[in-house]
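# Working through the structure, step by step
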Amino acid sequence: MALKATFLFCTVALLLIQSGHLAMAKKTYIVHMKNPEKPLAYPTRQEWYSASLSSLSSDTDSLLYSYTNAYPGFAASLDPEQAESLRQSDDVLGVYEDTVYTLHTTRTPEFLGLEVDGGLSTQDINQASHDVIVGVLDTGVWPESKSFDDTGMPEIPSRWRGECETGPDFSSSLCNKKLIGARSFAKGFQMASGGSFVKQGKEIVSPRDRDGHGTHTASTAAGAHVVNASLLGYASGTARGMATHARVAAYKVCWSSGCFGSDILAGMDRAIADGVDVLSMSLGGGSAPYYRDTIAIGAFAAMEKGIFVSCSAGNSGPSKASLANVAPWIMTVGAGTLDRDFPAFALLGNKKRFGGVSLYSGSGMGNKPVAIVYNKGSNSSGNLCLPGSLEPALVRGKVVLCDRGVNARVEKGAVVRDAGGIGMILANTAASGEELVADSHLLPAVAVGRKSGDLIREYVKSVPNPTAVLSFGGTVLNVRPSPVVAAFSSRGPNLVTPQILKPDVIGPGVNILAAWSEAIGPTGLEKDARKTKFNIMSGTSMSCPHISGLAALLKAAHPDWSPSAIKSALMTTAYVIDNTKSPIRDAEGGAASNPWAHGAGHVDPQKAISPGLVYDISTQQYIQFLCSLDYTLDHVQSIAKHRNVTCSKKWSDPGALNYPSFSVIFGNKRVVRYTRQLTNVGAAGSVYSLTVDAPPMVNVSVKPTKLVFKTVGQKLRYTVTFVAARGAASSGRSAFGSIMWSNAEHQVRSPVAFAWTQL
């Protein structure tokens, strides 16, 4: 802590020296108002917020954003003294410095069953999805991509209130009946850039995507069919989004230095007002109480208006408790692999051949063995191939073995190439296990798992003249086992509310082909001059828009369903058995995965369209959940934005929320009891019987054991009692099981996580 404090002090001191005086630098602050309702004395919220600021500063431009829908408050440019003065106001709940969030960076339709006979792509649902609008908050959009072609699309829904913004490099005429809106929000980014002593490169403020990430996620969610799509020959075929007939609205909230909370809130605020049905956000930060989490507060407002919010879980796996976006009204999405791979091989001088992956598309390095080097030279970071760590005299004309970690995988290849190396083997360490992520490297390169990496390291160290030949195998389908949970996918347990199991589901997030910005090469490196209309990327950023698009299809099929009903359908129909009929594995170590990694399982849209039963949750129930968290009434009101919230009725345990999964924390208790309510969305007269899977140290009893639904829409309750065996707490800290209601047509499955201590 002392080291951190010293660092902060030095940074502040440097800022003051750079500015040449001791004046307080202004920063962006988000101001959280206590009263969500505007006083009658002010005609608009903007005038109310301006009045709140006028006593502090004569600067009329200090108000950056006035939030109307997503958040009770505003963003302003303030110095620390002004921020402190606002904190003392009776009208203000909190004043928070702007937070920087990070991006969680054409096989999937078949893999998810969308292209098979009887799949979701029926004429009725396609027709209905014309009315569904998916809002994507990201790095903008490349509107010229064929994924946003509007051929055959009917007129834009009359309820749409959005617009297409004009900028120096973006004309409003670039929007169409497919890409119906494009906006940008940069005031938080500009404030941070202007206030920083580090010179920022100038960026054009417009919705145009110069990063690629936003185009990739938007086209994954709702891109049109594009034939002959590929990344430089890899993954060739027809690319398409999940909801090919849905509309897309792009909100650019992410810039070169990240995604600022003030800009994200402005994008959410606008998207809610514009009339989107689904919000897709492949970005996030760390965990925080919900009243401090701007995304969670904005998502609550969206949920209240019937908008489904899908967010990525984060790429901080395989560490436990590494999740972002854990609010129960958000769909938190982890990442799994597809059954498609891009094999590549390293043949060593000892005749041993190791398999890996690569998206290298150049001429290769021929069949002649080449010397291989590892961790040579005086620089201690040479094994990681960090910039400046390789000595050209030692690597020129050779293959370099690099350890994965610290810097970007594609950057390692560029470092090797710049030092004169002609090839790279990128070897995993224990942190990434056997997970393989393919990259479009600038030189011949093969990524291998940890076990292979250890054997190659041993070979290079023990042989006087080690050699290697690298070769590339193109695209291979029907890979087994799949899906596998990606090692990078963030894991539970949920640190904010351990009684809510997160992530919710996993979806395809490894080596995903989707549309790309032509302003940047496929690696994203400045020195990559290649241009491609499609790119292959990995991350929970890629799995999130898959679920956003599937939610759009479910919204089209069931327009009267609430966001929580859609979420329940996707969760309770998810599967936990892979294509080898074994439990889904975890890329970290290769053992069976568990619900802290995969949530309810891998989404199955075929089954989600007709789940039989759903766990629905009303706004009032979410408020009761908030009341059970021991927040102050002001904090609850600030999230729910309702003045009449009293918390007179509240649960003793937040796990009482009618959630489609269970997270049981015994703590110092041996008995935990929850009641859940199921709504029949299947046929009248449906009867469901019970199956319980429980670990030996927990007894699970459910009453009743049979549910008989006489009518469609009928709601029935059941109570489940979890009893821990004596001494179970000392035998282990976690265990897993499931509760399933089923009949001949449907299986409604809820995962259960058990813990004896809270992290």
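None of these values were measured; they are calculated from a predicted model.

## Structural notes on the overall build of the protein chain
Of the regular secondary structure elements, the protein chain holds 19 helices and 39 strands. On C-alpha atoms alone, the protein chain measures out to a radius of gyration of 26 Å, which is about the 27 Å that the 2.2 N^0.38 rule sets for 759 residues. Here the protein chain holds 759 residues, and 58% of them are scored as buried. A total of about 29,500 Å² of accessible surface is found on the protein chain, and carbon and sulfur atoms cover 52% of it. Across the protein chain, the 70 positively charged side chains and the 59 negatively charged ones have centroids separated by 7 Å.

## Remarks on the domain arrangement of the protein chain
Interfaces are often sized by the accessible area lost when the parts come together. According to the domain assignment, the protein chain contains domain 1 (27-97), domain 2 (108-339 + 483-608), domain 3 (343-472), domain 4 (618-651) and domain 5 (658-758). Distance between the C-alpha centres of domain 2 and domain 4: 29 Å. Contacts between the two partners involve 14 residues from domain 2 and, on the opposite side, 13 residues from domain 4. Inspection of the region where domain 2 meets domain 4 yields zero salt bridges. Linking domain 2 with domain 4 are two residue pairs in polar contact (both at pLDDT 80 or more), by the criterion used here. By residue number, the principal contributor to the side of domain 2 that touches domain 4 is helix α9 (residues 294-304), which donates five residues.

## Re the nonpolar core
Ranked by internal contacts, the top residues of the largest apolar core, which has 108 residues, are Ile 264, Tyr 290, Trp 329, Leu 570 and Leu 626. Counting residues per element, this core draws most heavily on α9, which supplies eight residues. With 28 residues, the next largest nonpolar core counts Val 357, Leu 426, Ala 447 and Leu 513 among its residues.

## Remarks on the UniProt feature "domain: PA" (unreviewed entry) in the protein chain
With numbering aligned to this structure, UniProt lists the feature "domain: PA" (unreviewed entry) at residues 384-455. The span residues 384-455 is 28% helical and 19% strand by assignment, and the distance between its end C-alpha atoms comes to 17 Å.

## Some remarks on the packing of aromatic side chains
Counted under the stated rule, the structure contains 23 aromatic pairs. Ring plane angle 80° and centroid distance 6.0 Å describe the contact between Tyr 67 and Tyr 71, whose orientation is recorded as edge-to-face. As far as burial versus exposure is concerned, Tyr 67 and Tyr 71 are alike and both buried. Both rings, one in Tyr 290 and one in Phe 625, keep their centres 6.2 Å apart while their planes meet at 45°; by these two values the pair is tilted. Here Tyr 290 is found in the loop between β14 (283-284) and α9, whereas its partner Phe 625 is found in helix α17 (residues 619-627), with 335 residues between them in sequence. Looking at Phe 625, the relative accessible area reads 0%, which means it is buried. An aromatic cluster is present here, built from Tyr 290, Phe 300, Trp 329, Tyr 622 and Phe 625 joined pairwise through their rings. Over the ring of Phe 345 we find Arg 353; its NZ or CZ atom is 3.8 Å from the centre of that ring. Across from the ring centre of Tyr 674, 5.5 Å away, lies the NZ or CZ of Arg 676, which sits over that ring.

## So, the pairing of strand β22 (residues 423-427)
Among the five residues of β22, five are classified as buried, and the element is accordingly described as predominantly covered. When strand β21 (residues 399-403) meets β22, the two strands line up parallel, connected through five bridges. Looking across to β22, one finds that Val 400 is bridged to Met 424. In the classification by handedness, the crossover that spans β21, the intervening helix α11 (residues 409-418) and the parallel β22 is right-handed. Here β22 runs beside strand β23 (residues 445-448); their pairing, made up of four bridges, is parallel. Residue pairing in the sheet places Ile 425 in a bridge with Val 446 of β23.

## Section: the sheet that holds strand β12 (residues 258-260)
Spatial ordering of the open sheet is given by β11-β12-β5-β14, a layout of four strands whose pairing is antiparallel. Each end of this open sheet is capped by a strand with a single partner; those strands are β11 (254-255) and β14. The sheet contact formed by β11 and β12 spans two bridges and is antiparallel. Following the sheet pairing, Trp 255 is matched in β12 by Gly 258.

## Quick notes on the state of the cysteines
As enumerated under the stated definition, the model contains four disulfides in all. Between Cys 164 and Cys 175 runs a disulfide, and the two sulfur atoms are separated by 1.9 Å. Between Cys 164 and Cys 175, the S-S dihedral sits near 70°, and the bridge is therefore right-handed. Of this pair, Cys 164 sits in the loop between β6 (133-138) and β7 (179-184) while Cys 175 sits in the loop between β6 and β7; the two residues are 11 residues apart in sequence, bridging distant segments of the chain. A relative accessible area of 16% places Cys 164 in the buried class.

## Some details on the packing of helix α7 (residues 213-222) against helix α13 (residues 540-557)
Contact pair α7 / α13: the axes reach a minimum separation of 7 Å and the direction vectors enclose 35°. Once α7 is placed against α13, the crossing between them reads as right-handed. Two secondary-structure elements touch here, α7 through His 213, His 216, Thr 217, Thr 220 and Ala 221 and α13 through Ser 541, Met 542, Pro 545, His 546, Ser 548 and Gly 549. In terms of residue class, the contact of α7 with α13 is made up of three nonpolar, eight polar and no charged.

## A closer look at the environment of Cys 627
When you line up the elements, Cys 627 lands in helix α17. For Cys 627, a relative accessible area of 4% corresponds to the buried category. The spacing of Cys 627 and Leu 513 is 114 residues in sequence and 43 Å in space, taken between C-alpha atoms. Sequence-distant contacts of Cys 627, defined by excluding residues within four places in its chain, comprise Val 636, Val 645, Cys 647 and Lys 650.

## What about the pattern of salt bridges?
Per the counting criterion, the structure on display carries 23 salt bridges. For Arg 208, the salt bridge goes to Glu 144, with nearest N and O atoms at 2.8 Å. Of this pair, Arg 208 sits in the loop between α6 (187-195) and α7 while Glu 144 sits in the loop between β6 and β7, and the two are 64 residues apart along the sequence. Judged by relative accessible area, Arg 208 falls into the buried class, the value being 6%. Across the pair Asp 418 and Lys 527 runs a salt bridge, and its minimum N-O distance is 2.5 Å. Separated by 109 residues along the polypeptide, Asp 418 in helix α11 and Lys 527 in the loop between β28 (512-515) and β29 (534-537) bring together distant segments of the chain. Shared partners join several salt bridges into a network, and the residues in it are Glu 163, Arg 183, Arg 270 and Asp 274.

## Observations concerning helix α14 (residues 563-572)
Burial analysis of α14 places 10 of its 10 residues in the buried class, the great majority of the element. Those residues of α14 that sit buried are Pro 563, Ser 564, Ala 565, Ile 566, Lys 567, Ser 568, Ala 569, Leu 570, Met 571 and Thr 572.

## Quick word on unusual backbone geometry
The step from Gly 492 to Pro 493 runs through a cis peptide bond, and the omega angle for that step is 0°. Structurally, Pro 493 is set in the loop between β26 (484-485) and β27 (505-508). Going from Lys 703 to Pro 704, the amide bond is cis rather than trans, its omega being -10°. Position of Pro 704 among the secondary structure elements: in the loop between β35 (698-703) and β36 (706-709). For Ala 235, which is not glycine, the phi dihedral falls at a positive 55°. Mapped onto the elements, Ala 235 comes out in strand β9 (residues 234-239). With a relative accessible area of 3%, Ala 235 lands in the buried category. Here Ala 321, not a glycine, exhibits a phi torsion of approximately 55°, which is positive. Relative to the helices and strands, Ala 321 is located in the loop between β15 (308-312) and β16 (331-336).

About the criteria used
Residues numbered from 1 in each chain as written. Predicted model: local features only at pLDDT ≥ 70, side-chain atom pairs only at ≥ 80, totals over all residues. Heavy atoms only, no water. Helix = DSSP H or I, 4+ residues; strand = E, 2+ residues; numbered from the N terminus. Rg over C-alpha atoms; globule rule 2.2 N^0.38 Å. Buried < 20%, exposed > 50% of the residue type's maximum accessible area, 1.4 Å probe, protein only. Areas by Shrake-Rupley, 256 points an atom, 1.4 Å probe, with all protein chains shown as cover. Lys, Arg positive; Asp, Glu negative; His and termini not counted. Charge placed at Lys NZ, Arg CZ, Asp CG, Glu CD. Domains from an automatic or database assignment. Contact = heavy atoms within 4.5 Å. Salt bridge = Lys/Arg side-chain N within 4 Å of Asp/Glu carboxyl O. Polar contact = N/O pair within 3.5 Å; in protein donor to acceptor, adjacent residues only side chain to side chain. Core = buried A, V, L, I, M, F, W, Y, C linked by side-chain atoms within 4.5 Å. UniProt positions renumbered as here; feature names shortened; annotations may be inferred. Phe/Tyr/Trp six-rings, centres within 6.5 Å; stacked < 30°, edge-to-face > 60°. Lys NZ or Arg CZ within 6 Å of the ring centre and 35° of its normal. Pairing = 2+ DSSP bridges. Right-handed = clockwise from strand over helix to strand, strands pointing away. Disulfide = S-S within 2.5 Å. Axes fitted to C-alpha atoms, helices over the stretch in contact; angles between N-to-C directions. Left-handed = near helix turned anticlockwise from the far one by under 90°. Nonpolar A, V, L, I, M, F, W, Y, C, P; charged D, E, K, R; others polar.

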